[in-house]
Amino acid sequence: MSNTITFHYQVPFEIGDPFQNDINGLIAGKDDFWISSTHGLFHYIAGTGKTTRYFPEVRVLSILPDPVQKNIVWLGTMYSGLIKFNMRTREHFSYNTTNGFPHNTIANLQADDNGNLWGITGKGLLSFALDGSRINLHKVLGENGQEFNRYHYFKFTDGRLAFGGAYGYVIFDPRSMMSDHYEPEVLITAITINNKELPADNGYSNKGINGIEVMQLPYDRNSLTFEFAATEYNLPEKIQYRRWLKGLDDGWVISGNDNTATYSYMPPGEYELHINASNTMGEWSDEVKVIKIHIAPPFWLTWWFITTLLIIMALLIYLGVKRKIRQAIKKDQLQIAYEREALQLEAKAMRAQMNPHFIFNCLNSIKSLMHDLRNKEAILYLTTFAQLLRNQLNSNLLEVSLEDELHTCRLYLKLETLRFGKKLNYKFDIDERVDTHSIKIPALLLQPFIENAIIHGLLPLPQGGTITVSITLEDETIYCKIDDNGAGRNVKVKEHGHESKGVKLVEGRLDLYNAIHNSAASIEIIDKKDSNGLPTGTLVIITLNI
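In what follows, the accompanying structure is described. Each residue is numbered by its place in its chain's sequence as written, counting from 1. Given that this is a predicted model, residues contribute local features only at a pLDDT of at least 70 and side-chain atom pairs are listed and counted only at 80 or more, while totals for whole chains, interfaces and linings are drawn from all residues. As a convention, hydrogens and water are excluded, and side-chain values are obtained from all of the structure's heavy atoms.

1. Regarding helix α5 (residues 447–458)
Because the α-helix completes a turn every 3.6 residues, residues three or four places apart line up on one side.
Next, step 1: Every helix listed is a DSSP run of H or I at least four residues long, and every strand listed is a run of E at least two residues long, numbered separately from the N terminus. Here the expected length of a helix is defined as 1.5 Å per residue gap, with one fewer gap than residues. Look at α5: 15 Å from first C-alpha to last across 12 residues, which is about the 16 Å you get at 1.5 Å a residue.
Next, step 2: The cut-offs for exposure are 20% and 50% of the maximum accessible area for each residue type, with area from a 1.4 Å probe on protein chains only; residues under the lower value are buried, those over the upper are exposed, and the others partly exposed. In terms of residue burial, α5 counts as a mostly covered element, since 10 of its 12 residues are buried.
Next, step 3: Along α5, the residues that are buried comprise Gln447, Pro448, Phe449, Ile450, Glu451, Asn452, Ala453, Ile454, Gly457 and Leu458.

2. A look at a positive patch on the surface
Next, step 1: Excluding any residue in a salt bridge, patches collect residues exceeding 30% relative accessible area, merging like charges within 9 Å and nonpolar Val, Leu, Ile, Met, Phe, Trp and Tyr side chains within 5 Å. Per-residue and other accessible areas follow the Shrake-Rupley method at a 1.4 Å probe size, with only the shown protein chains counted as cover for residues. Put simply, a salt bridge is a Lys or Arg side-chain nitrogen that is within 4 Å of an Asp or Glu carboxyl oxygen. Charged residues are defined narrowly, with Lys and Arg counted positive, Asp and Glu counted negative, and His plus the chain ends left uncounted. Charge positions are represented by NZ for Lys, CZ for Arg, CG for Asp and CD for Glu. Side chains of Lys322, Arg323, Lys324, Arg326, Lys330 and Lys331 sit close together on the surface and give a patch of like positive charge.
Next, step 2: Its place among the elements puts Lys322 in helix α1 (residues 303–352).
Next, step 3: Overall, Lys322 belongs to the partly exposed group, its relative accessible area being 40%.

3. Considering helix α4 (residues 402–420)
Next, step 1: In this model, α4 (19 residues) spans 27 Å end to end at C-alpha, consistent with the 27 Å of a helix rising 1.5 Å per residue.
Next, step 2: At the C-terminal side of α4, Gly421 shows a positive phi close to 65°.

4. Comments concerning the pattern of salt bridges
Next, step 1: Enumeration according to the criterion identifies 5 salt bridges in this entry.
Next, step 2: Ionic pairing is found between Arg160 and Asp158, a salt bridge with its closest N-O pair at 2.8 Å.
Next, step 3: Among the residues examined, Asp158 registers a relative accessible area of 43% and is labelled partly exposed.
Next, step 4: A salt bridge links Lys528 to Asp483; the shortest N-O distance between them is 2.7 Å. Of this pair, Lys528 sits in strand β30 (residues 522–529) while Asp483 is found in strand β29 (residues 477–484), placing the two residues 45 residues apart along the sequence.

5. Remarks on the sheet that holds β30
Next, step 1: Pairing between strands is defined by DSSP: at least two bridges between the two strands are required. What the 5 strands build is an open sheet, ordered β26-β28-β29-β31-β30; its pairing is mixed. Whereas interior strands pair on both sides, the edge strands pair on one side only; in this sheet they are β26 (424–430) and β30. Pairwise comparison of adjacent strand axes, ignoring direction, gives a mean angle of 15° for this sheet.
Next, step 2: With 8 bridges connecting them, β30 and strand β31 (residues 535–545) associate as antiparallel partners. In this analysis an axis means a line fitted to C-alpha atoms, helices contributing only their contacting stretch, and an angle means the value between N-to-C directions, from 0 to 180 degrees.

Following this line, the structure appears as structure tokens:
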């Protein structure tokens, strides 16, 4: 004889009603039933036969009584998340993707023995603390394309849970599955542009702030602050954030618990803001929030404005250059005449104004020799100095022979040797093929470089040095070289471009010489260095075409 008592109730749906084939769960009370259906939740009172429908627009897939709170039932739905429903007060609360749930569809609800609810979602198996403090997504159970089926689930007496799928079933102990493998998404909660918060009705998206995917901004709205949150609410202090503004940052920027990102005065350009969050185990989620940002340049930096400006500038430059060329052609002959006269005046000035400092030093040297009763040396010094001075003052020619220029250089070096003694040595190496008497060159072409070699090259060295003046002929080109093994040009001379007045005058006369004779004479100054990069002297090469 059986101890089972069976009660029979009339189903509250008529034959043919589409609801009768969609019943998927039932909770029996003392004299009432709570019935879940893909057409909502129904409350049927057996004594009165009254049926009340809740959530008519919600497709309920599963119903589970709360194991602790007797008035609470949990509803798994399609597209509406997880609903917590109070059977006594009729109040309810929904967990969905807008407040941190990983997916809006959940079915096959089961409760374990540790206060957790389990169910299947479109992203895998989910565990949910009934007090709402923790949500974990266990993707490992859905690997290899595993798809769970509705209605195929079971709880064993030892607490293990089973879920059936298209390719088999999964059986596990919930106590071994509570590690956090959930991959939270990032929700944008607020955006501030130039210290003004963007409203929900912002013109960038009809889905609110979190729905914004692309932002087009003018150049003067380029200071942005983003506030965001991860869709995981258990232990929020363990959630970490990182961000990467592609186009500005070099890579991920770890911000810890700081859920804001501020970028001030962003230059015009194309950017992509990537925001990522970790779960409570510190594992970075594969879910990355991406917002594309385009900051337009001001009109004066647009391609069309720059192109127009360049065309206008090019046209003005063309007209200006064309006008200058016309003016230059008209004044060319007159300018050459002026330059010829200027060269003559410069040559005369060089002869009439021998370096006062040099003359003063020479006279002091003579005075010193006489004071030391070195009369023979003083007379020789004075004779050589008078010969050099007379040679220069008697010559008013624009050009002199190469022989005369070499004679002037010999006298000058002889005089300087008398002043500085063994610190100065010199020699001349003249190619026999060069007719020094017939070749004309600008006056005082070589002497200023010899003077520079002595003052800046040899005298700074305690032991002095040697100057070699050589004249060679190669392929109808004469090379005049002044070579010294001194200290090299002074660093300040090279850095600041300082040269003696004599050298500058030589360069000016040589330019005019080229213009008058249609020549290509040139000056090259080479700083000699050894294998260690240390200076070993200076080489001046003056090239003349004959």
